[in-house]
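Spelled out from the first residue to the last, the chains are:
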Amino acid sequence: MKREIIEFKDNVPFSIVVQSIKNYPIHWHEDVTEILMPIKGSIEVRSNFEYILVKEGDFWFINNKSIHSIRGSSEAIVVIFYIDLNYFEQYFEYIKHMFFRNNMYSKDNTKVESDNYDDDVRKGYKTRFRNLLVSVLTDITNEDPLARELTQDSVYQLVSSMVKEFNWLQFLKKSNDFISPFQLDRYHRIVKFIDEHYHEKITLDLIAQQEFITKNYFSHLWKNLSNFSFQERVNYERVLRSEFLLLTTNLSLASISEKCGFSDIKYFYNHFKRWYGCNPLEHKNKCLSYMSQEFDYNELDLKSMKKDIDNYIKRIVMPEYAENNIWRTTTLFDEYIKMKYLYKIDKITPQPSPRNVKVNIFSPNNFKMKEGKFFFNWQNIDLLVNFSETSDFDINMKINCHDLDDKWWKKAVHKFLDSCIYRYRIITINKWKFLIYYNDEISLNKANVIRNIIKEKVSEASIIYYFSI
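Residues numbered from 1 in each chain as written. Predicted model: local features only at pLDDT ≥ 70, side-chain atom pairs only at ≥ 80, totals over all residues. Heavy atoms only, no water.

Asks: Honestly, the packing of aromatic side chains in this entry has me stumped. Any pointers?
Replies: Counted under the stated rule, the structure contains 44 aromatic pairs. Taking the centre distance of 6.0 Å and the plane angle of 25° together, the rings of Phe 92 and Tyr 156 count as stacked. Taken together, the residues Phe 92 in the loop between helix 1 (85-88) and strand 9 (112-113) and Tyr 156 in helix 4 (residues 151-165) connect sequence positions 64 residues apart. Overall, the relative accessible area of 26% leaves Tyr 156 in the partly exposed class. Seen in terms of ring centroids, Phe 367 and Trp 408 are 5.2 Å apart; in terms of plane orientation they differ by 35°. Their pairing is tilted. (Phe/Tyr/Trp six-rings, centres within 6.5 Å; stacked < 30°, edge-to-face > 60°. Helix = DSSP H or I, 4+ residues; strand = E, 2+ residues; numbered from the N terminus. Buried < 20%, exposed > 50% of the residue type's maximum accessible area, 1.4 Å probe, protein only.)

Asks: Would you mind showing me how to read the environment of Val 17 here?
Replies: Within the element layout of this structure, Val 17 appears in strand 2 (residues 14-28). Between the C-alpha atoms of Val 17 and Leu 137, which are 120 residues apart in sequence, the distance is 9.9 Å.

Asks: How should I be thinking about the nonpolar core in this particular structure?
Replies: Most often, soluble globular proteins keep nonpolar side chains buried together rather than apart. In this structure, Ile 35, Met 37, Ile 95 and Phe 129 are the most contacted members of the largest nonpolar core, which totals 62 residues. The biggest single contributor to this core is helix 2 (residues 120-141), with 7 residues. Discounting chain neighbours no more than four positions away, the residues touching Phe 129 are Ile 35, Phe 59, Phe 61, Leu 158, Ser 161, Met 162 and Phe 166. If you look at the next biggest cluster of nonpolar residues, it comprises 37 residues, including Leu 384, Met 397, Trp 432 and Ile 453. (Core = buried A, V, L, I, M, F, W, Y, C linked by side-chain atoms within 4.5 Å. Contact = heavy atoms within 4.5 Å.)

Asks: Before we go on, may I ask you to explain helix 7 (residues 204-211) in this structure?
Replies: The periodicity of an α-helix, 3.6 residues per turn, causes residues three or four places apart in sequence to face the same way. Residues of helix 7 that are buried: Ile 207, Ala 208 and Glu 211. Taken around the axis of helix 7, the buried residues stretch over an arc of 100°, which confines them to a single face. Looking one or two residues beyond helix 7, the residue adopting positive phi is Phe 212, at roughly 60°. (Arc of directions from axis to C-beta.)

Asks: Sorry if this is basic, but what is going on with the packing of helix 17 (residues 409-424) against helix 19 (residues 441-457) here?
Replies: Relative placement of two packed helices is described by the angle separating their axes and the distance separating the axes. Relative orientation of the contacting elements helix 17 and helix 19 amounts to 30°, with a least axis distance of 10 Å. Here helix 17 is positioned roughly parallel relative to helix 19, judged by the angle of their axes. For helix 17 against helix 19, the interelement crossing comes out right-handed. Taken together, the residues of helix 19 that come into contact with helix 17 (itself represented by Trp 409, Lys 410, Val 413, His 414, Leu 417, Asp 418 and Ile 421) are Lys 446, Val 449, Ile 450, Ile 453, Ile 454 and Lys 457. Considered class by class, the residues forming the contact of helix 17 with helix 19 number 8 nonpolar, 1 polar and 4 charged. (Axes fitted to C-alpha atoms, helices over the stretch in contact; angles between N-to-C directions. Parallel < 35°, antiparallel > 145°, perpendicular 65-115°, else oblique. Left-handed = near helix turned anticlockwise from the far one by under 90°. Nonpolar A, V, L, I, M, F, W, Y, C, P; charged D, E, K, R; others polar.)

Asks: Would you take a moment to explain the pairing of strand 12 (residues 367-370) for this structure?
Replies: One face of the sheet, then the other: side chains in a regular strand alternate in exactly this way. When strand 12 meets strand 13 (residues 373-376), the two strands line up antiparallel, connected through 4 bridges. Counterpart to Lys 368 in the pairing with strand 13 is Phe 375. What sits between strand 12 and strand 13 in their antiparallel hairpin is a turn of 2 residues, with Glu 371 showing a positive phi close to 55°. (Pairing = 2+ DSSP bridges.)

Asks: Would you take a moment to explain the pattern of salt bridges for this structure?
Replies: Opposite charge on two side chains makes pairing possible when the charged atoms of those side chains draw close. Tallied over the full model, the rule gives 18 salt bridges. Here Glu 113 makes a salt bridge to Lys 55, at a shortest N to O gap of 2.7 Å. With Glu 113 in strand 9 and Lys 55 in the loop between strand 5 (50-54) and strand 6 (60-62), the pair connects residues that are 58 residues apart, well separated along the chain. Residue classification places Glu 113 among the partly exposed positions, given a relative accessible area of 35%. For Lys 55, a relative accessible area of 30% puts it in the partly exposed group. The residue Lys 96 makes a salt bridge to Glu 89 at a minimum N-O spacing of 3.5 Å. Here the residues in one salt-bridge network are Asp 195, Arg 233, Glu 237 and Arg 241, joined through shared partners. (Salt bridge = Lys/Arg side-chain N within 4 Å of Asp/Glu carboxyl O.)

Here is the structure:
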């Protein structure tokens, strides 16, 4: 069970490979976060004590130093993104000590699916992130050199989204909880300390002393932030370290227990069984048995996968568009590249803040109706929302009352807002400005109704009326 080394090219902080996988050996990466995205079939991932089914249309994070293996369905094709944490440490100080996830924990060491939750906010996070993964993939496989040049900006957005929305704390918290940047930094400092001193005795008093706070304040802070008690979190880290030593060395269980900071070997057994569902030797034997088989995986040429990637986009990312011939996907991604290019120019020669981007919601590029159904071009809108969340762009959502047909406009406005709340959550939408354009009495009446609909759904919305002559 070996470390798999990922080679990154100079100043390129990511790597992408495509593999057909039936079964892949147990391994780990250091200073790397791996993202698995099946574009055909499904995969079963064993990562530390978790056993997760990742279906086509979903993705999964493999965290830094996590021991893992992969089994695929007979036709499974997986895109694997490797993120260089050494590079991104300059932007996110504690990224090597962050734990990323996009599902809820499994219980009793049973297999779960990677979308085992019922929460619209989390679904919105995942939809946007998956579309970012797809945009990076299309840039890499695009013959246009401009597209490939812009890829690193998209990867930065990916990492920023990981930190903001898929950090363990952020993804598992209740939707109405708020964690300040100050609290997050303190939490990550403490986790880093645990990560570096797990083999020593770690107490509440010691952490409080390190953070220059009282023990009571720290206990209250930790209770508000974590689903686990502080001691559970320490022992969780020790158990993960013990698996690493168990599978990569020939140390005795007593030596592993001591090196991982357990005061008695019986505590090592108890905590290991809690997370892994078996004792350490049973787990080691299961892993050795898995490693004794022949493995079946092949790296595929990325450029030759363009057809499979396009089919994935049509089936998963924008099935309604492809099914109903609403937009040509090639045109969508051409426009996508243009928008990213404008963003890159803006970064090179930055304008005085704040910078603004306007989304004309009901323009033909962003909205169409067919057979009584509404279709919004979420590929465009997702891109701009992601930019605003990872940069200093402000978003202005424009509604031109003259674009709205009397037969359907109210339902369309409701549909757009409900979809945005589902995809982006209220805390994001509250940052937007809604620009309502009118130029006569009839359109002003529409504007007033639209204002009421927006305020009903987004109470803190900023709404501006305007007309032109």
